Amino acid sequence: MVRVPLSPEERQRGERFGALLREARGDRSMVEVAAAAGVSAETLRKIETGRAPTPAFFTVAALAHALGVSLDDLVAACAEADGGEGEQQLLSA
C-alpha cells in the first residue's frame, strides 16, 4: 500500500496538535503521560514534535483521556482556520 504524502496543511495541523499536547502535559513527564495513555514515550515524542502528524484515532483518544482533555476541544483547537486562538481556548478551559 502506497501512502499519500501529507499536505503542508496536514503537517501544520500535526505540529499544532503536538504543541497542544505539550502544553496540556504541563509539568508531567513524557514517560508518565505515555504510560497513562498506554503508548510508548517515543510515540508521544514523535507526536509532540510533529514527526508523527497523523496519529491513530485510539492513540489520540488515549492521550486526550490521560491528559484530561476532551476530543472535541482538541478538534476545535487544531482546526486549520483557528489562527492560533484554539490553543488558548483549550488551555483556558
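See above for the structure.
Residues numbered from 1 in each chain as written. Predicted model: local features only at pLDDT ≥ 70, side-chain atom pairs only at ≥ 80, totals over all residues. Heavy atoms only, no water.

Student: Lay out the overall build of the protein in plain terms, naming residues and giving numbers.
Tutor: Helix and strand counts for the protein stand at six helices and zero strands. The linear arrangement of helices and strands in the protein, starting from the amino end, is α-α-α-α-α-α. Counting all 93 residues of the protein, 32% fall into the buried class. Pairs at least 24 residues apart make up 58% of the contacts formed inside the protein by residues separated by at least 6 positions. Taken as a whole, the protein presents about 5900 Å² of accessible surface, with 54% of it coming from carbon and sulfur. (Helix = DSSP H or I, 4+ residues; strand = E, 2+ residues; numbered from the N terminus. Buried < 20%, exposed > 50% of the residue type's maximum accessible area, 1.4 Å probe, protein only. Contact = heavy atoms within 4.5 Å. Areas by Shrake-Rupley, 256 points an atom, 1.4 Å probe, with all protein chains shown as cover.)

Student: Hey, could you go over the packing of helix 2 (residues 30–37) against helix 3 (residues 41–48) for me, with residue numbers and the actual values?
Tutor: Closest axis-to-axis distance for the helix 2/helix 3 pair is 8 Å, and the angle between their directions is 110°. Taken together, the axis directions place helix 2 and helix 3 in an arrangement best described as roughly perpendicular. Residue-level contacts link Met-30, Val-31, Val-33 and Ala-34 of helix 2 to Ala-41, Leu-44, Arg-45 and Glu-48 of helix 3. Across the contact of helix 2 with helix 3, the residue classes break down as six nonpolar, no polar and two charged. (Axes fitted to C-alpha atoms, helices over the stretch in contact; angles between N-to-C directions. Parallel < 35°, antiparallel > 145°, perpendicular 65-115°, else oblique. Nonpolar A, V, L, I, M, F, W, Y, C, P; charged D, E, K, R; others polar.)

So yeah, pure geometry; function would need other evidence.
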